[in-house]
Each structure stands twice: as C-alpha cells, then as structure tokens.
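Analysis of the macromolecular model
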Amino acid sequence: MMRVGLGFDSHEFRERIPLRIGGLTIPHTHGLSGHSDGDVLLHAITDALLGAVAAGDIGAFFPPSDPKWKGANSVVFIGEAMRHIESAGYKVGNVDCTLVLNAPKIGPHAKAIQESVANLLKVEPSAVGIKAKTPEGLNLDGTAVAHVVVMLIAA
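With that settled, consider the packing of aromatic side chains. Applying the stated criterion across every chain, the model contains four aromatic pairs. With a centroid separation of 4.7 Å and an interplanar angle of 90°, the aromatic rings of Phe62 and Trp69 are classed as edge-to-face. Its relative accessible area of 10% is what places Phe62 among the buried residues. We classify Trp69 as buried; its relative accessible area is 13%. Look at Trp69 and Phe77: their rings are 5.9 Å apart centre to centre, the planes differ by 75°, and that puts the pair in the edge-to-face class. Both residues of the pair, Trp69 and Phe77, count as buried. Ring pairs connect the aromatic residues Phe61, Phe62, Trp69 and Phe77, which therefore count as one cluster.

Following this line, the structure appears as structure tokens:
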C-alpha cells in the first residue's frame, strides 16, 4: 500500500537571521522569516508527510499563534510528522523537493541538504531528490518557495 503527499511553503528573506534549509544553516546575507526558524524545505516536507496520512497540516500541530514555537528548530516538526506516518503503518519511500529562490545557489549545498533530509526521514540519500530553480519572471526576488512530493510505503 502506498500514499502520496504534497507539501508547499514559502517565506520572505530578511536581514540579521540565519538561513536554514533542510535542517542546515546555509551561509547567506539573509535568512527566511517565519514564526519558527523559517526552514521552508522542512516545513513543506512536514506538510507532505502529514497530508499523505490525512493528519492535517503543519499549522494545526504548530500554530504560529503559539509562542512555544517562536524560533523553534523545524527538525521538531519533521519528528512529529514521522511519528504520525509511523503510527499509521507507513515509512517514507522517497521524497522529491524543488526549491525556488534567486540566491543563494543551492547546488553547492545540495548534497549536504540531501543527506540531512535523508537522515531526518530515515531513508538513504538516494531516496531524496533536491532540485533548485530560479523564479525567472515570477516577481519572487525576496522569497524562497519549496514544493515537495513524498511517497509513503507500508512499513
């Protein structure tokens, strides 16, 4: 038995905060704003995992109105989503991710992001696709967007 989940997230770039993508800090002049650490990729993966087992979305579990989650490490969100898929009898088969942003270039960091995400999802790095695109003509210069598809398989 299989399940598929789709995740999406976006955050605005801001000065004086670290840039977190895929559970890693990436060197850059700006970071992504958000109630938690702004990790757009982990937020989209969390939504994809939760959606695949019809458990709701990230906001239902970690509402931005709750001060408990201010500045939280998004790795916590992945852990919660993994508990839900495992209790539903599933494990991650593979995940495919596309980041849309002008800068920084993701290519030099893609392998490290792939390994970080694979570790969090308890899969081999070959089961994690990390791609990046520039938002040519989309007026998204100050924004990072993540699109994620996850396939779950029976555990």
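Still to come is the rest of the account.
With that settled, consider the layout of surface pockets. Its volume calculated, the largest pocket comes out at about 210 Å³. Lining the largest pocket are 15 residues, and of these Ser36, His43, Ile58, Phe62 and Pro64 sit closest to its centre. Secondary structure elements with two or more residues in the lining of the largest pocket: β1 (2–15), α1 (40–52) and α2 (58–61). With three residues, the single largest contributor to the lining of the largest pocket is β1. Grouping the amino acids of the lining of the largest pocket by side-chain chemistry returns seven nonpolar, six polar and two charged.

Turning to helix α3 (residues 75–87), a few remarks are in order. Given a rise of 1.5 Å per residue, 13 residues ought to cover 18 Å, and the 18 Å separating the end C-alpha atoms of α3 matches this to within 8%. For α3, the set of buried residues is Phe77, Ile78, Ala81, Met82 and Ile85. Axial view of α3: buried residues confined to an arc of 135°, hence all on one face. Check the buried side of α3 and you find it contacts α1, α2, β5 (90–100), α4 (110–121) and β7 (143–154). Following α3 by one or two positions, Gly89 adopts a phi angle in the positive range, close to 90°.

A few words now on the packing of α1 against α4. For the pair α1 and α4, interaxial distance at closest approach is 12 Å and the crossing angle is 35°. The two elements α1 and α4 cross, and the hand of that crossing is right-handed. From α1, Leu41, Leu42, Ile45 and Leu49 reach across to α4, where they touch Ile113, Val117, Leu120 and Leu121. Its residues assigned to classes, the contact of α1 with α4 shows eight nonpolar, no polar and no charged.

Thresholds applied
Residues numbered from 1 in each chain as written. Predicted model: local features only at pLDDT ≥ 70, side-chain atom pairs only at ≥ 80, totals over all residues. Heavy atoms only, no water. Phe/Tyr/Trp six-rings, centres within 6.5 Å; stacked < 30°, edge-to-face > 60°. Buried < 20%, exposed > 50% of the residue type's maximum accessible area, 1.4 Å probe, protein only. 1 Å grid on protein atoms, 1.4 Å probe; cavity = no way out; pocket = protein on both sides within 12 Å on 5 of 7 lines; lining within 4 Å. Points joined across faces, edges and corners; volume = space filled by probe spheres on them. Helix = DSSP H or I, 4+ residues; strand = E, 2+ residues; numbered from the N terminus. Nonpolar A, V, L, I, M, F, W, Y, C, P; charged D, E, K, R; others polar. Expected span 1.5 Å × (residues − 1). Arc of directions from axis to C-beta. Contact = heavy atoms within 4.5 Å. Axes fitted to C-alpha atoms, helices over the stretch in contact; angles between N-to-C directions. Left-handed = near helix turned anticlockwise from the far one by under 90°.

Keep in mind these numbers describe shape, not what the thing actually does.
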